[in-house]
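Close look at the chain arrangement
What follows is each chain in one-letter form.
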Amino acid sequence: MAGLLALLVAYLIGSIPFGYLMVKLSTGKDVRNAGSGNIGATNVLRTTGRAPAVATLLLDIAKGYLAVWISAELTSHDPMWMSAAALAVMAGHAFPVFLKFKGGKAVASFIGAFLYLTTVPLLAVLIVFVITVAATRHISAGSILAAGTFPLGVWLILHPPAAVVVASLIARGFIVYRHKANIERLRSGTESLFIWKKRRR
């Protein structure tokens, strides 16, 4: 029962649409009607600004971390339930009950969840992410490559219980699948570039 409760809590935490809320509170607009229509930090940055984007990113990471921490507390650190909670919080972000099940790509919640569950491998693939974005200026490319290499990092660095490895594989597939439109744009050369600094007029 505690494990099922942990999954429900993880999904509901994941469903909190911080990107939507940040933009709504700061501008009164619906971020889903601008840019890519995504509620994640990247679209918030492109459509609204740096401050709400950073807040969105940190809050989305925090909810992933919190969901797995709660699962650990409820299930006496059971790897199976913690792994399931990591996937549940990602599912909540991607399919939030509060936004009619239309959410983001779950990268930030993935970072937070596995930062708790598999700290060192997660930090390792964040290096892959940073290098890829620096080289290509595509957030999507960094996310895809980081997620793609993540299960190998989990196995090589931790040799964890099977449940954790399986969760890392599912998370990889989920992240890549959620980026399928980005992959098509990367192939066609039409994917948006990452720009942090404001352009001079």
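Before any of the text, the structure's been laid out above.
Now for a quick tour of the structure. (Residues numbered from 1 in each chain as written. Predicted model: local features only at pLDDT ≥ 70, side-chain atom pairs only at ≥ 80, totals over all residues. Heavy atoms only, no water.)

The subject of this paragraph is the packing of aromatic side chains. Applying the stated criterion across every chain, the model contains five aromatic pairs. Between Phe95 and Phe174, the ring centres sit 6.1 Å apart and the planes meet at 70°, which makes this aromatic pair edge-to-face. With Phe95 in the loop between helix 5 (79–94) and helix 6 (107–117) and Phe174 in helix 9 (residues 162–178), this residue pair connects regions lying 79 residues apart in the sequence. The exposure class assigned to Phe95 is partly exposed, which follows from its relative accessible area of 34%. When the centroid spacing of 5.0 Å and the interplanar angle of 75° are considered together, the rings of Phe114 and Phe150 count as edge-to-face. Placement of the pair is Phe114 in helix 6 and Phe150 in helix 8 (residues 139–158), with a sequence separation of 36 residues. (Phe/Tyr/Trp six-rings, centres within 6.5 Å; stacked < 30°, edge-to-face > 60°. Helix = DSSP H or I, 4+ residues; strand = E, 2+ residues; numbered from the N terminus. Buried < 20%, exposed > 50% of the residue type's maximum accessible area, 1.4 Å probe, protein only.)

Turning to the nonpolar core, a few remarks are in order. One finds Val68, Met90, Phe110, Phe114, Leu117, Leu122 and Phe150 to be the most contacted residues of the largest nonpolar core, which totals 34 residues. Counting residues per element, the ones that place at least two in this core are helix 1 (2–14), helix 4 (50–74), helix 5, helix 6, helix 7 (119–136), helix 8 and helix 9. Counting eight residues, the second-largest nonpolar core is a separate cluster that includes Val23, Val31, Ile39 and Leu45. (Core = buried A, V, L, I, M, F, W, Y, C linked by side-chain atoms within 4.5 Å.)

Once that is clear, we can look at helix 2 (residues 18–27). Within helix 2, burial applies to Phe18, Gly19, Tyr20 and Val23. Just downstream of helix 2, Gly28 is the residue with a positive phi angle, here 80°.

All right, on to the packing of helix 5 against helix 6 then. At a minimum axis separation of 9 Å, helix 5 and helix 6 run at an interaxial angle of 170°. Here helix 6 runs roughly antiparallel to helix 5, going by the angle between their axes. Between helix 5 and helix 6 lies a crossing whose hand is right-handed. Facing helix 5, whose interface residues are Met82, Ser83, Ala86, Val89, Met90 and His93, helix 6 presents Ser109, Phe110, Ala113, Phe114, Tyr116 and Leu117. When grouped by side-chain class, the residues that make up the contact of helix 5 with helix 6 number nine nonpolar, three polar and no charged. (Axes fitted to C-alpha atoms, helices over the stretch in contact; angles between N-to-C directions. Parallel < 35°, antiparallel > 145°, perpendicular 65-115°, else oblique. Left-handed = near helix turned anticlockwise from the far one by under 90°. Contact = heavy atoms within 4.5 Å. Nonpolar A, V, L, I, M, F, W, Y, C, P; charged D, E, K, R; others polar.)

Let us now look at the environment of Asp30. If you trace the backbone, Asp30 turns up in the loop between helix 2 and helix 3 (41–47). With 62 residues separating them along the chain, Asp30 and Gly92 place their C-alpha atoms 19 Å apart. Once you skip the residues sitting within four places of it in the chain, Asp30 turns out to touch Tyr20 and Lys24.

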